[in-house]
Amino acid sequence: MDFWGDEQFAFFESILFLALGQTVDVLETQFLSGGDINMAARVFSSEGVFFVKWNQTPESNTMFEVEARGLNLLRKTDALFIPQVIGYGQQLDKAYLILEFIESGQLRKNYWESLGQSLALLHSHTQPKFGLAFDNYIGSLPQSNTPTANGFDFFFDQRLLPQAGMALYKGLLPKEVYDALHRLRERLPDLLPSERPALLHGDLWSGNVLVTEDGQPALIDPAVYYGFREADLAFTKLFGGFDQRFYDAYDEAFPLEDGFDDRVPIYNLYPLLVHTNLFGSGYVSGVERILKQF
Ligand SMILES: Nc1ncnc2c1ncn2[C@@H]1O[C@H](COP(=O)(O)OP(=O)(O)OP(=O)(O)O)[C@@H](O)[C@H]1O
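Residues numbered from 1 in each chain as written. Predicted model: local features only at pLDDT ≥ 70, side-chain atom pairs only at ≥ 80, totals over all residues. Heavy atoms only, no water.

Naming follows an unreviewed UniProt entry, where the chain appears as Ketosamine-3-kinase of Fibrisoma montanum. The UniProt entry for the chain carries this comment under Sequence similarities (unreviewed entry): "Belongs to the fructosamine kinase family." (UniProt positions renumbered as here; feature names shortened; annotations may be inferred.)

Caption draft 1: Region of the structure containing helix α9 (residues 260–267). α9 sits mainly inside the fold: six of its eight residues count as buried. Along α9, the residues classified as buried are Phe260, Arg263, Val264, Pro265, Ile266 and Tyr267. Buried residues along α9 sit against α4 (151–169), α6 (188–191), α7 (229–235), α10 (269–279) and α11 (284–293). (Buried < 20%, exposed > 50% of the residue type's maximum accessible area, 1.4 Å probe, protein only. Helix = DSSP H or I, 4+ residues; strand = E, 2+ residues; numbered from the N terminus. Contact = heavy atoms within 4.5 Å.)

Caption draft 2: Layout of a negative patch on the surface. On the surface, Asp248, Asp251, Glu252, Glu257 and Asp258 cluster together into a negatively charged patch. Locating Asp248 in the fold gives a position in helix α8 (residues 244–253). You can call Asp248 partly exposed: its relative accessible area is 42%. (Patch = residues over 30% accessible without salt bridge, like charges linked within 9 Å, V, L, I, M, F, W, Y side chains within 5 Å. Areas by Shrake-Rupley, 256 points an atom, 1.4 Å probe, with all protein chains shown as cover. Salt bridge = Lys/Arg side-chain N within 4 Å of Asp/Glu carboxyl O. Lys, Arg positive; Asp, Glu negative; His and termini not counted. Charge placed at Lys NZ, Arg CZ, Asp CG, Glu CD.)

Caption draft 3: Geometry of the site of the ligand. Close contacts around the ligand come from 16 residues, with Asp36, Asn38, Lys53, Glu100 and Ile102 the closest. In the model, a nitrogen atom of the ligand is placed 2.8 Å from a nitrogen or oxygen of the Ile102 main chain. When isolated, the ligand has an accessible area of 620 Å², and the protein chains bury 87% of it. Residue classes in the shell around the ligand are distributed as eight nonpolar, four polar and four charged. Mapping the shell around the ligand onto the domain boundaries places at least three of its residues in each of domain 1 (5–100) and domain 2 (111–293). (Near = heavy atom within 4 Å. Polar contact = N/O pair within 3.5 Å; in protein donor to acceptor, adjacent residues only side chain to side chain. Nonpolar A, V, L, I, M, F, W, Y, C, P; charged D, E, K, R; others polar. Domains from an automatic or database assignment.)

Caption draft 4: How the structure looks around the pattern of salt bridges. All chains considered together, the criterion is met by 12 salt bridges. We note a salt bridge from Asp153 to Arg185, for which the minimum N-O separation is 3.8 Å. Here Asp153 is found in helix α4, whereas its partner Arg185 is found in the loop between α5 (175–184) and α6, with 32 residues between them in sequence. On the basis of relative accessible area, Asp153 is assigned to the partly exposed category, the value being 32%. On the basis of relative accessible area, Arg185 is assigned to the partly exposed category, the value being 32%. The salt bridge involving Lys237 is made with Asp261; its shortest N-O contact spans 2.9 Å. Note that Lys237 is positioned in the loop between α7 and α8 and Asp261 in helix α9, a separation of 24 residues in sequence. By relative accessible area, which is 26% here, Lys237 ends up partly exposed. Exposure remark for Asp261: the relative accessible area of 52% places this residue in the exposed category. By sharing partners, the salt bridges in this structure join Lys53, Glu67 and Asp221 into a single network.

Written as structure tokens, this is what we have:
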């Protein structure tokens, strides 16, 4: 039987029963496109509308669990709208994650200002060490978060190096580029400001910022950790950038050191290496260009 036949209703009803602890009738489902990694649907039920994503790969159980923990961590700050985690687990050979469904609306006035202020508020949550109590994923790739006192060591050893090593191993990154990256290591303290470990979304591109029904920003799909807050802001600039009002409001709420724009490419070595590993060597020239520049 095709999963998108009767079987899907049984699956959704069983996972909603597990999550809510009561019998749930699924009334209608809509397949959602947009995700590269998982299957996703909007599920209309007797208990409301839910967002469900699922996968059959062996690692997806852990992926959904750490995504849920990341969402809960962000949500606890009350800094901005984060969908509520309804449940996650494994059922009928599929791993799943159920979230509050975010109905989308029109950007309200001051949307960008509100996103800037809220992100600044999120970043005001700090802890003594860089990293996190658990490892997680960036896209489908493992992201290591071993707590580390030195932010430059953390950024190099747990962000740049594992991705560069993977890209080298896959034959995507030339050895000269890998070596050039190593030479950047000791220069990082001169190139980046030394700041406290701030709670980051970690994968802040436009696809992970939604608009709620009442026009407010909401964040999904985090790769949370405590890191340099400029890394989150730099991420937003990887493919064009957000509205200038977002950056202005952020800077007003939580001022950045001068010269942030010049530092953006250094932080973005990480997402570029991640993209190389996920989507291929098309992103290597970007990495090379940045390393030449510094
Ligand atoms: N809570 C939610 N409510 C409504 N829509 C959502 C919600 N979470 C995600 N979406 C939308 O569902 C689609 C797929 O979700 P998502 O991006 O989480 O999938 P993914 O496969 O895990 O991620 P990736 O983008 O990393 O491939 C996207 O279009 C996203 O905007």
